[in-house]
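Reading the structure
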Amino acid sequence: MKKFTCVEDIGDLRAAVAEAFEIKRDRFAYSELGRNRTLLMIFFNSSLRTRLSTQKAAMNLGMNVMVLDVNQGAWKLETERGVVMDGDKAEHLLEAIPVMASYCDLIGVRSFAQLKDKAEDYEERVIEQFIRYSGRPVFSMEAATRHPLQSFADLITIEEHKTTERPKIVMTWAPHPKALPQAVPNSFAEWINATDYEFVITHPEGYELDPKFVGRAKVEYDQRKAFEGADFIYAKNWSAYADPNYGKVISTDRDWTVDSEKMALTNNAYFMHCLPVRRNMIVTDEVIESERSLVIPEAANREISAEVVIKRLLESLK
Ligand code: AN0
Ligand code: CP
């Protein structure tokens, strides 16, 4: 594996999940693989889980790790070619990328959608420039349109908890005061569509995702109907994708908050969320604290998904 930005990069999902279970049984089994190798993690946006779990995974593999928060202490980076750099940005990505690459063997990049220009976001300009100009294996730590390390951890969590061959997975939009990217729901949909599980997406009108990600999923506008018989409820907020509202909050309707009354419509479903989560907006205290809530083991599996991905990228260096 030479890069990791989407589900196709991981190849066969069953093999990937089997490898994840193997790593989880002994996460130090490959502690020699990364010896004298350096991972550089570059953050254009905030993070708690991705930062810690990815660093931990790299350390499990024996790597050295460097973290750069672009917004804290680095020069402000210009990402567009051809601009006259007379503003507040002191350095161009086109110099910064090869310089950073010269100090490391692998690069992880977090760069969220700007939510201003759909075409720009969906072209994945930032991470694509890292892939093109670094000469190093690059992996996404959430890019503009996908968050594959999260989706892989979500799938591992579902595999650990499912009690039927083909569980019913329901991804539900839920309210949030700020405009959030579509990366997490796009990516979750992409990964679940690559399984043979029953998959329903529910959201208010106007929150339709890119059809490329919706794929074979059934879209149900009635959230309560969608919840019927669900084995897993995957909650997430996202801003509108459809024009003319791209990147906007068009509803904060708290009738969409996941609560116990709605969970009672399911097949005793597990509750999932990638975190960070706003309590009593996305989900009530009662549901997130219930014994069916998987948010903590789901976050813990981020170490495992990252370790599989970094292991495979390291193997490509040999
Ligand atoms: C981010 C998002 O929705 O993409 C990161 C989630 C992992 N969430 C927030 O910014 C709150
Ligand atoms: N789920 C997730 O990626 O969390 P962070 O934004 O804290 O990394």
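Digging into the site of ligand 2
Near ligand 2 the following residues occur: Ser47, Leu48, Arg49, Thr50, Arg110, His147, Gln150, Cys274, Leu275 and Arg302. Side-chain polar atom of Arg110 to an oxygen atom of ligand 2: 2.8 Å apart, as the coordinates give it. The contact in question runs from a nitrogen atom of ligand 2 to an N or O atom on the backbone of Leu275, over 2.9 Å. With the chains in place, 94% of the 260 Å² that ligand 2 exposes on its own is no longer accessible. Tallied by class, residues from the shell around ligand 2 come to three nonpolar, four polar and three charged. For the shell around ligand 2, the two domains that each supply at least three residues are domain 1 (3-146 + 302-315) and domain 2 (150-298).

Let's talk about the domain arrangement of the chain
Interfaces are often sized by the accessible area lost when the parts come together. Domain boundaries in the chain define domain 1 (3-146 + 302-315) and domain 2 (150-298). Just the C-alpha atoms count here: the centres of domain 1 and domain 2 sit 25 Å apart. The partner domain 2 presents 32 residues to the 29 residues of domain 1 that form the contact. Both faces considered, domain 1 and domain 2 share a buried interface measuring about 2,400 Å² in area, 65% of it formed by carbon and sulfur atoms. Joining domain 1 to domain 2, the criterion identifies three salt bridges. Between domain 1 and domain 2 we count nine residue pairs in polar contact (both at pLDDT 80 or more) in total. Ranked by residues supplied to the side of domain 1 that touches domain 2, first place goes to helix H2 (residues 13-25) with six residues. Residues of the side of domain 1 that touches domain 2, tallied by class, amount to 18 nonpolar, two polar and nine charged.

Some thoughts on the side chain of Thr157
By the secondary structure assignment, Thr157 is in helix H7 (residues 148-161). Looking at Thr157, the relative accessible area reads 0%, which means it is buried. For Thr157, the side chain forms a polar contact with the side chain of Asn301, separated by 2.9 Å. Aside from chain neighbours lying at most four places away, what touches Thr157 is Met272, Leu294, Pro297, Glu298 and Asn301.

Points about the nonpolar core
Counting residues in each nonpolar core, the largest one holds 55 residues, and the members touching the most others are Ile10, Phe139, Phe152, Met171, Phe199 and Ile310. With seven residues, the top contributor of residues to this core is helix H13 (residues 295-315). Here this core gathers at least three residues from each of two domains, domain 1 (3-146 + 302-315) and domain 2 (150-298). Here Ile10 is in contact with Met1, Phe4, Ala16, Phe152, Trp191, Val309 and Arg312, once residues within four sequence places are set aside.

Details of the sheet that holds strand E9 (residues 198-202)
Within a beta sheet, neighbouring strands are joined by backbone hydrogen bonds and run either parallel or antiparallel to one another. Spatial ordering of the open sheet is given by E10-E9-E8-E11-E12, a layout of five strands whose pairing is parallel. Only two strands of the sheet have a single neighbouring strand rather than two, namely strand E10 (218-219) and strand E12 (270-272). For strand E8 (residues 168-173) and E9, the ladder comprises five bridges, and the chain directions are parallel. What sits directly across from Ile169, in E9, is Phe199.

Here's the deal with the site of ligand 1
Contacts to ligand 1 come from Phe112, Glu142, His147, Leu180, Pro181, Lys236, Cys274, Leu275 and Pro276. At a separation of 2.6 Å, an oxygen atom of ligand 1 approaches a polar side-chain atom of Glu142. Its free accessible area being 330 Å², ligand 1 has 83% of it covered by the protein chains. Broken down by class, the residue content of the shell around ligand 1 amounts to six nonpolar, one polar and two charged.

Thresholds applied
- Residues numbered from 1 in each chain as written.
- Chains lettered and ligands numbered in written order.
- Predicted model: local features only at pLDDT ≥ 70, side-chain atom pairs only at ≥ 80, totals over all residues.
- Heavy atoms only, no water.
- Near = heavy atom within 4 Å.
- Polar contact = N/O pair within 3.5 Å; in protein donor to acceptor, adjacent residues only side chain to side chain.
- Areas by Shrake-Rupley, 256 points an atom, 1.4 Å probe, with all protein chains shown as cover.
- Nonpolar A, V, L, I, M, F, W, Y, C, P; charged D, E, K, R; others polar.
- Domains from an automatic or database assignment.
- Contact = heavy atoms within 4.5 Å.
- Buried area = accessible area lost by both parts, 1.4 Å probe.
- Salt bridge = Lys/Arg side-chain N within 4 Å of Asp/Glu carboxyl O.
- Helix = DSSP H or I, 4+ residues; strand = E, 2+ residues; numbered from the N terminus.
- Buried < 20%, exposed > 50% of the residue type's maximum accessible area, 1.4 Å probe, protein only.
- Core = buried A, V, L, I, M, F, W, Y, C linked by side-chain atoms within 4.5 Å.
- Pairing = 2+ DSSP bridges.

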